[in-house]
Number of protein chains: 2
Amino acid sequence: MSFRFEIEARDGKARTGRMVAPHGVIETPVFMPVGTLGTVKAVAQDVLEELGVQILLNNTYHLYLRPGVEMVRSLGGVQRFMAWDKPILTDSGGFQVCSLSELRKVTEEGVAFRSHLDGSSHMFTPESSIAAQIGLGADIIMAFDECTEHPASRERARGSMEMTLRWLRRSRDYFEQHKEEVVWFGKQWPVASGQLSVKAKTTSGPSTAAVPLSETASAQDDTSSERRMANSEKRIANSEQRAAVTPGQTQALFGIVQGGMYPDLRRESAERTVEIDLPGYAIGGLSVGEPRNITYAMVDAAIPYLPEDKPRYLMGVGTPEEIVHYVAQGVDMMDCVLPTRAARHGLLFTSEGKLTIKNAQFARDEGPIDPECGCKVCARYSRAYLRHLYASNELLAQTLNTVHNLAYYLDTMRRVRQAILLGEFATFLSGVRPPHLSVP
Amino acid sequence: MSFRFEIEARDGKARTGRMVAPHGVIETPVFMPVGTLGTVKAVAQDVLEELGVQILLNNTYHLYLRPGVEMVRSLGGVQRFMAWDKPILTDSGGFQVCSLSELRKVTEEGVAFRSHLDGSSHMFTPESSIAAQIGLGADIIMAFDECTEHPASRERARGSMEMTLRWLRRSRDYFEQHKEEVVWFGKQWPVASGQLSVKAKTTSGPSTAAVPLSETASAQDDTSSERRMANSEKRIANSEQRAAVTPGQTQALFGIVQGGMYPDLRRESAERTVEIDLPGYAIGGLSVGEPRNITYAMVDAAIPYLPEDKPRYLMGVGTPEEIVHYVAQGVDMMDCVLPTRAARHGLLFTSEGKLTIKNAQFARDEGPIDPECGCKVCARYSRAYLRHLYASNELLAQTLNTVHNLAYYLDTMRRVRQAILLGEFATFLSGVRPPHLSVP
C-alpha cells in the first residue's frame with residue numbers, strides 16, 4: 001500500500017485522521033505551506049521541521065522551467081533535491097499556466113504557453129504534466145485540469161468541466177502506465193543528499209539524515225575535528241533510525257473537481273470525478289476572485305459527493321479563519337501562499353487579528369507579534385525590532401515574518417485537530433472570528 | 001571591573017585569551033561578524049548562537065540614521081533591541097561617514113555629512129559619536145577617528161593622525177563624563193525583549209531568555225496551550241540561569257591607531273595612543289585598497305608598541321587565510337563584511353578554496369559546499385540545490401550561504417585558538433594556504 005487514509009475522529013462534518021504517504025505520516029486536517037521552487041521562501045528546512053510542517057507543496061510549472069524535471073530527477077527527486085525527507089505534493093501546473101505564463105492557448109490536446117522567464121514555448125498535456133510529476137517524484141500528484149476562470153458562463157463552465165474530466169482519464173491512464181518510473185520506486189531510497197559526500201570522506205556506513213540542530217549546537221565548543229567526527233557518527237545513527245522509502249511504493253494521484261460557480265455542475269463534477277477510483281480528491285477552481293459565500297457554497301455542493309473514506313483537498317485557500325470553516329465543511333487538506341506571501345509584505349496574522357508590522361505605531365512596541373503565540377519569533381523578538389527590520393528592508397524581516405505566519409497557521413490546525421478529537425470543534429469554531437461572510 | 005582581558009597561552013607572537021565584557025565572555029582571537037543595522041543580514045539570532053558567535057559588530061552610522069539612537073536606547077540598548085544577550089561592539093561611525101555619506105566636510109570640530117538615505121544634514125564629532133555609542137549601549141565602543149584615505153601623502157597622513165589623537169582625547173573625556181549614562185548601568189538588566197509581554201499573560205515571574213530551539217522542537221507535538229505554558233516555564237527557568245548585566249558596569253572605550261602607510265607614523269601613532277590608558281587598542285585605516293604586504297607591514301609596525309596585556313583589534317579584515325596570519329602577528333580581534341557580503345553574492349569559502357556557487361559546474365553536484373565542513377548547511381544541502389536557490393534568486397540562498405561562510409570563519413578561529421593552546425600554531429599556520437602575498 002503506497003498511500004492510506006484513516007479517519008480517527010469526527011465532529012459534525014469535520015474529521016481528523018492520518019494519511020500515510022511514502023515519505024511519512026500526515027495528520028489531518030493539514031495546512032500545506034507552499035514551497036514553489038523547492039523552498040518555502042526565506043525559511044530553512046530545519047526551521048520548517050521545528051514548526052511541525054508535515055507536508056509541503058511544490059509547483060510543477062516552476063520546477064519544470066527551473067531547474068527542469070530531468071535535473072530534479074537526476075538529483076533524486078524533490079525530497080532529496082531539497083533535503084526534505086517528509087511528504088511533498090506537486091500541483092499539475094494547470095493553474096500556473098493560466099495565471100503566470102504568456103500567450104496561453106488551450107486545446108483538447110492541452111495547453112501551449114510561453115515561459116514567464118524567457119518567453120520560450122512549451123506545452124503541458126495531461127500526459128506531459130503527469131510525466132513531469134513522476135519525474136519530480138512528490139508523494140502526492142495532481143491530475144491535469146483546467147482551472148475555470150471567474151466569472152464564466154454556465155456553458156463555458158460546463159465545457160471546461162467536461163474537458164477536465166477527459167483530461168483526468170488521460171492523466172490516470174498515463175500514470176497507471178508509468179507510475180513505476182518514479183525515482184524512488186523499487187529502492188531503499190535515502191532522502192538527504194549532501195551528506196553522502198560528506199560521509200564518504202570520513203566513514204563507510206550509509207548516511208542519510210541531517211544532523212539535528214540541538215546536537216550541532218551542543219557540539220559547538222568541541223574542536224572542529226572532533227565535531228566533524230561526531231557529526232558523521234550522528235548521521236549514521238540517524239540514518240539507521242529514519243525509515244527510507246519502502247521499495248515498491250508509488251505516488252498517489254488525486255483528481256480535481258471543477259464546475260465554476262454552479263452548484264449543480266460542482267455536484268456533477270464530483271460525481272463523475274469519483275467514478276475514477278483514486279486515493280484522494282481535490283476541489284479546484286475556487287478562491288479565484290469570487291465572493292467568499294460562493295466559495296463556501298461550492299464546497300458544500302461538492303463535498304457530499306466525495307467519498308467519506310478519501311482525503312478531500314481544497315486547493316489554494318485561505319485566511320486563518322477561513323481554513324477553520326473549511327474544516328467544518330469536511331475538508332482535510334489545504335494549501336495557500338497567503339501566510340508566506342503576506343509575511344513578505346509585512347502582514348502578520350495574530351490571535352487579535354491582522355497586523356501590518358511597518359506601521360509607525362509599532363516603532364516603540366516591546367511586545368511580541370502575538371502575546372498568545374508560542375512560536376520562536378514571538379518568544380524572542382519585539383514588534384519594534386521586527387518593524388525596524390521591515391522598514392530597513394532587511395532580509396531577516398522576511399524570514400522572521402514568514403516563520404511567525406506559518407507557526408500561526410500550523411498552530412491553528414493543531415488546535416483544530418485537538419478540538420475534533422475532543423469533540424469540542426463546535427465550541428472551537430464559535431470562538432474563531434467569522435470570515436467576512438460566514439458559512440452559509 | 002567592567003572589562004577584563006586575560007592571556008591564556010602564547011605561541012610566537014600569537015596569543016589566546018579571554019575578554020570579560022558586561023554581556024559575556026569572549027575567547028580570543030575572535031572574529032566578529034558584522035550586523036550593521038542590528039542584524040547579521042539574512043541570519044536569525046538563534047542561528048548565530050548555534051554557530052558560536054561570541055560578539056557582533058553594529059554600525060553606529062547606520063543605527064544613528066535608522067531607527068535612531070534615542071529609539072534604540074528607549075528600547076533598552078542594542079542587545080535588548082535585537083534580542084542578543086551576548087557582547088556587541090559598535091564602531092565610531094568615522095569610517096562609514098567617509099565611505100557612505102555624501103558631501104562630507106572634515107574640520108577640527110568633526111565631520112559634517114549628508115545621510116545616504118535621505119540627504120539630511122548631520123555632524124559627527126568625537127563627543128557626539130561617543131554620545132551615540134553610549135546611547136546604543138554596546139559592550140565595546142570605539143574612539144572617533146579619521147580613517148586616512150589611501151593613497152595619502154606623508155604630510156596628509158601625519159596631519160590626519162594628529163587629528164585622530166586630538167579626537168581620541170575628546171572621545172575619552174566625553175566618555176569619562178558620561179559613561180554612567182549607558183542604559184544598563186546600575187541595573188540588573190534583562191536583555192531579551194519580547195518575552196516580557198508574552199510572559200505577562202501567563203505567569204508572574206521574571207522572564208528574559210529565549211527558548212532554545214531544541215526545546216521548541218521537542219514540544220511541537222503537544223497541544224498549543226500546553227506548548228505555550230511549557231515555553232513560559234522554560235523562559236523563567238532560563239532567566240534564572242542566565243546572568244543579567246551586573247549593576248555598575250560601564251562600556252569599554254578602545255582607541256584607534258592610524259598613520260597611513262608609513263611605518264614610522266604607525267609606530268608614533270601607537271606610542272601616543274597608548275599614552276591614553278584604555279582597556280583595548282585598535283589598528284584602523286588598513287584594508288583600504290593598499291597591497292596586502294603593506295597591510296602586514298603596518299600591523300608589524302604598530303603591534304610592538306601596543307601593550308601586551310590589552311586586546312588588539314585589527315579593523316575591517318580579512319580573508320580566512322589572512323585572519324590566521326594577522327593572529328600570527330599578535331592580533332586578538334577582527335571584523336569584516338567579507339564572509340557575509342561575499343555569501344550574498346554566491347562566493348563561498350571552503351577548505352579547498354573559494355567557490356562561486358552559481359557556476360554551471362555545480363548544477364548536478366550532490367556534494368556539500370565543503371566536504372571538510374561540519375556546519376549545518378554542509379550537513380544537509382547539496383551544491384546543486386544551493387546553486388538552484390542562487391540562480392533562482394531565492395532568499396534562502398542568502399541565508400544558507402551566509403551561515404556556511406560564517407561557520408567557516410568561526411571554525412577557522414576555533415582551530416586557531418586550539419592550535420595556540422596546544423603550542424602547534426606554527427604548524428597550523430604552515431598549513432594555511434598563504435595569502436597572495438605572504439607575511440613579510
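Quick caveat, the model's predicted, so the values are computed rather than measured.

Q: Outline unusual backbone geometry, supporting the account with residue identities and numerical values.
A: With an omega dihedral of 0°, the bond running from A:His150 to A:Pro151 counts as a cis peptide bond. Along the chain, A:Pro151 falls in the loop between β10 (140–142) and α7 (154–178). A cis amide bond, omega 5°, links B:Val317 with the succeeding residue B:Gly318. Examined against the element boundaries, B:Gly318 turns out to sit in the loop between β13 (312–314) and α13 (320–328). Phi is positive for A:Ala42, close to 80°, though the residue is something other than glycine. Relative to the helices and strands, A:Ala42 resides in the loop between β4 (30–33) and α1 (45–51). According to the relative accessible area criterion, A:Ala42 is buried, its value standing at 2%.

Q: Could you give me a rundown of the packing of α7(A) against helix α11 (residues 263–273) of chain A, with the residues and numbers involved?
A: Residue and element names in this part refer to chain A. Their axes nearest at 11 Å, the elements α7 and α11 cross at an angle of 10°. Here α7 is positioned roughly parallel relative to α11, judged by the angle of their axes. Residue-level contacts link Arg154, Ala157, Arg158, Met161, Glu162, Leu165 and Leu168 of α7 to Asp264, Leu265, Glu268, Ser269, Arg272 and Thr273 of α11. In terms of residue class, the contact of α7 with α11 is made up of five nonpolar, two polar and six charged.

Q: With reference to specific residues and values, describe the pattern of salt bridges.
A: In this structure the tally under the stated criterion is 64 salt bridges over all chains. Ionic pairing is found between A:Lys179 and A:Glu176, a salt bridge with its closest N-O pair at 3.0 Å. Since its relative accessible area comes to 44%, A:Glu176 is described here as partly exposed. Measuring nitrogen to oxygen at the nearest pair gives 3.0 Å for the salt bridge that ties B:Asp365 to B:Arg383. Highlighted residues: B:Asp365 in the loop between β16 (353–356) and α15 (376–380) and B:Arg383 in helix α16 (residues 383–391), separated in sequence by 18 residues.

Q: Please give an account of the pairing of strand β2 (residues 14–21) of chain B that cites residues and values.
A: All names here are of chain B. Counted residue by residue, β2 has seven buried out of eight residues, so it is predominantly covered. Connecting strand β1 (residues 4–11) to the antiparallel partner β2 that follows it, the hairpin turn spans two residues, and Gly12 within it adopts a positive phi of roughly 65°. Adjacent in sequence and paired antiparallel, β2 and strand β3 (residues 24–28) are bridged by two residues.

Q: Which residues make up the nonpolar core, and what are the values?
A: Within the largest apolar cluster, 189 residues are counted, with the highest numbers of intra-cluster contacts made by A:Leu314, A:Met334, A:Phe425, B:Leu314, B:Met334 and B:Phe425. Each residue touching A:Phe425, except ones within four places of it in the same chain, is listed here: A:Asp11, A:Ala14, A:Val324, A:Val327, A:Ala328, A:Val416, A:Ala419 and A:Ile420.

Q: Help me get a handle on the state of the cysteines, residues and values and all.
A: All names here are of chain B. Under the definition given, this model contains zero disulfides over all chains. The structure places no disulfide on Cys98, whose sulfur is separated from the nearest cysteine sulfur, that of Cys147, by 6.0 Å. Unpaired in terms of disulfides, Cys373 finds its nearest cysteine sulfur in Cys375, a separation of 3.7 Å. Residue class for Cys373 comes out buried when judged on its relative accessible area of 8%.

Q: Lay out the sheet that holds strand β14 (residues 333–336) of chain B with the relevant residues and their values.
A: Residues and elements named next belong to chain B. Here we have eight strands laid out as an open sheet, ordered β4-β14-β13-β12-β11-β10-β6-β5, and parallel in their pairing. If you trace the sheet from one side to the other, it starts and ends with β4 (30–33) and β5 (56–58), each paired once. Neighbour-to-neighbour, the strand axes of this sheet turn through a mean angle of 25°, independent of strand direction. Here strand β12 (residues 280–283) pairs with β13 via three bridges, running parallel.

Q: An account of the packing of α11(A) against helix α12 (residues 292–302) of chain A is requested, with residue identities and associated values reported.
A: Residues and elements named next belong to chain A. Interaxial distance between α11 and α12 falls to 8 Å at its minimum, and their mutual angle equals 40°. Our classification of the angle between α11 and α12 gives oblique. In the crossing of α11 with α12, the sense of the turn from one axis to the other is right-handed. Contacts from Pro263, Arg266, Arg267 and Ala270 of α11 reach α12 at Met298, Ala301 and Ala302. A per-class count over the contact of α11 with α12 returns five nonpolar, no polar and two charged.

Q: Account for the packing of aromatic side chains, with residues named and values stated.
A: All names here are of chain A. Enumeration over the complete set of coordinates arrives at 24 aromatic pairs over all chains. Ring geometry for Tyr296 and Tyr326: centres 5.2 Å apart, planes at 40°, overall tilted. Of this pair, Tyr296 sits in helix α12 while Tyr326 sits in helix α13 (residues 320–328), and the two are 30 residues apart along the sequence. We classify Tyr296 as buried; its relative accessible area is 0%. Given a relative accessible area of 0%, Tyr326 falls into the buried group.

Basis of the calculations
- Residues numbered from 1 in each chain as written.
- Chains lettered and ligands numbered in written order.
- Predicted model: local features only at pLDDT ≥ 70, side-chain atom pairs only at ≥ 80, totals over all residues.
- Heavy atoms only, no water.
- Helix = DSSP H or I, 4+ residues; strand = E, 2+ residues; numbered from the N terminus.
- Buried < 20%, exposed > 50% of the residue type's maximum accessible area, 1.4 Å probe, protein only.
- Axes fitted to C-alpha atoms, helices over the stretch in contact; angles between N-to-C directions.
- Parallel < 35°, antiparallel > 145°, perpendicular 65-115°, else oblique.
- Contact = heavy atoms within 4.5 Å.
- Nonpolar A, V, L, I, M, F, W, Y, C, P; charged D, E, K, R; others polar.
- Salt bridge = Lys/Arg side-chain N within 4 Å of Asp/Glu carboxyl O.
- Pairing = 2+ DSSP bridges.
- Core = buried A, V, L, I, M, F, W, Y, C linked by side-chain atoms within 4.5 Å.
- Disulfide = S-S within 2.5 Å.
- Left-handed = near helix turned anticlockwise from the far one by under 90°.
- Phe/Tyr/Trp six-rings, centres within 6.5 Å; stacked < 30°, edge-to-face > 60°.

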